[in-house]
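Topology and contacts: notes
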Amino acid sequence: MSNDLDRARNATAEPTAPARPAPIATSPAGRVPRTRTSTAWFGICIAALLFVVLIVFMLQNTASVEVSFLWMHGSLPLALALLVAAVGAALLTMVIGAARITQLRRLSRRQRQ
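Residues numbered from 1 in each chain as written. Predicted model: local features only at pLDDT ≥ 70, side-chain atom pairs only at ≥ 80, totals over all residues. Heavy atoms only, no water.

1. Describing the overall build of the protein chain
For clarity, the threshold we go by: Numbering of helices and strands runs from the N terminus; a helix is a DSSP stretch of H or I covering at least four residues, while a strand is a stretch of E covering at least two. Summary of the burial criterion: residues with accessible area below 20% of their type's maximum are buried, those above 50% are exposed, and those between are partly exposed, where the area comes from a 1.4 Å probe applied to protein chains only. Residue contacts are defined here by distance: any two heavy atoms, one from each residue, within 4.5 Å place the two residues in contact. Areas reported as accessible are Shrake-Rupley estimates using a 1.4 Å probe. Residue values count occlusion only from the protein chains shown.
Across its full length, the protein chain holds three helices and two strands. Mapped in sequence order, the helices and strands of the protein chain form the string α-α-β-β-α. Within the protein chain, the fraction of its 113 residues that count as buried is 2%. Long-range pairs, those at least 24 residues apart, make up 9% of the contacts in the protein chain between residues at least 6 apart in sequence. Split by element, the accessible area of the protein chain, about 10,600 Å² in all, is 66% carbon and sulfur.

This is the structure:
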């Protein structure tokens, strides 16, 4: 969309000039620049590969193990126990990260005022 605006601003006054497609903007090194869409596509590809690895791991570790946590006791497949532990750790990390981001935003707002 911004390319359209740039072309409209830089358009010549000659109405008979042949319309040529605009060249793809490249970085100084001659590469096509990264976009949000390309970054999202790359991230989705990596996530899909990681899910395949996770599924293979879970299929290979179906043996039941005894799990005790605080007052709870039970048995469940090893892969599921490890997955629950990993998700719990990820959630804890996200909560701590969100608290830190909130703290930094408050500090930034105070410094602007």
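From this point, the discussion proceeds with the structure in view.
2. Points about a nonpolar patch on the surface
Threshold: Residues qualify for a patch when their relative accessible area is over 30% and they have no salt bridge, like charges being joined within 9 Å and the nonpolar side chains of Val, Leu, Ile, Met, Phe, Trp and Tyr within 5 Å. Take a side-chain nitrogen of Lys or Arg and a carboxyl oxygen of Asp or Glu: if they are within 4 Å of each other, that pair is a salt bridge.
Residues W41, F42, I46, L49 and L50 make up a contiguous nonpolar surface patch of roughly 590 Å² in combined accessible area. Mapped onto the elements of the fold, W41 is located in helix α2 (residues 36-60).

3. Remarks on the packing of α2 against helix α3 (residues 78-112)
Note the cut-off: Helix axes are fitted to C-alpha atoms over the stretch in contact, other axes to C-alpha atoms as well, and angles between N-to-C directions run from 0 to 180 degrees. Throughout this description, any angle smaller than 35 degrees is read as roughly parallel, any larger than 145 degrees as roughly antiparallel, any in the 65 to 115 degree range as roughly perpendicular, and the remainder as oblique. For this scheme, ten residues count as nonpolar: Ala, Val, Leu, Ile, Met, Phe, Trp, Tyr, Cys and Pro. Four count as charged, namely Asp, Glu, Lys and Arg, and the remainder, Gly too, count as polar.
Taken N-terminus to C-terminus, the directions of α2 and α3 make an angle of 135°; their axes are 7 Å apart at the nearest point. The orientation of α2 with respect to α3, classified from their angle, is oblique. Residue-level contacts link L54, F57 and M58 of α2 to A79, L80, L82 and L83 of α3. Tallied by class, residues from the contact of α2 with α3 come to seven nonpolar, no polar and no charged.

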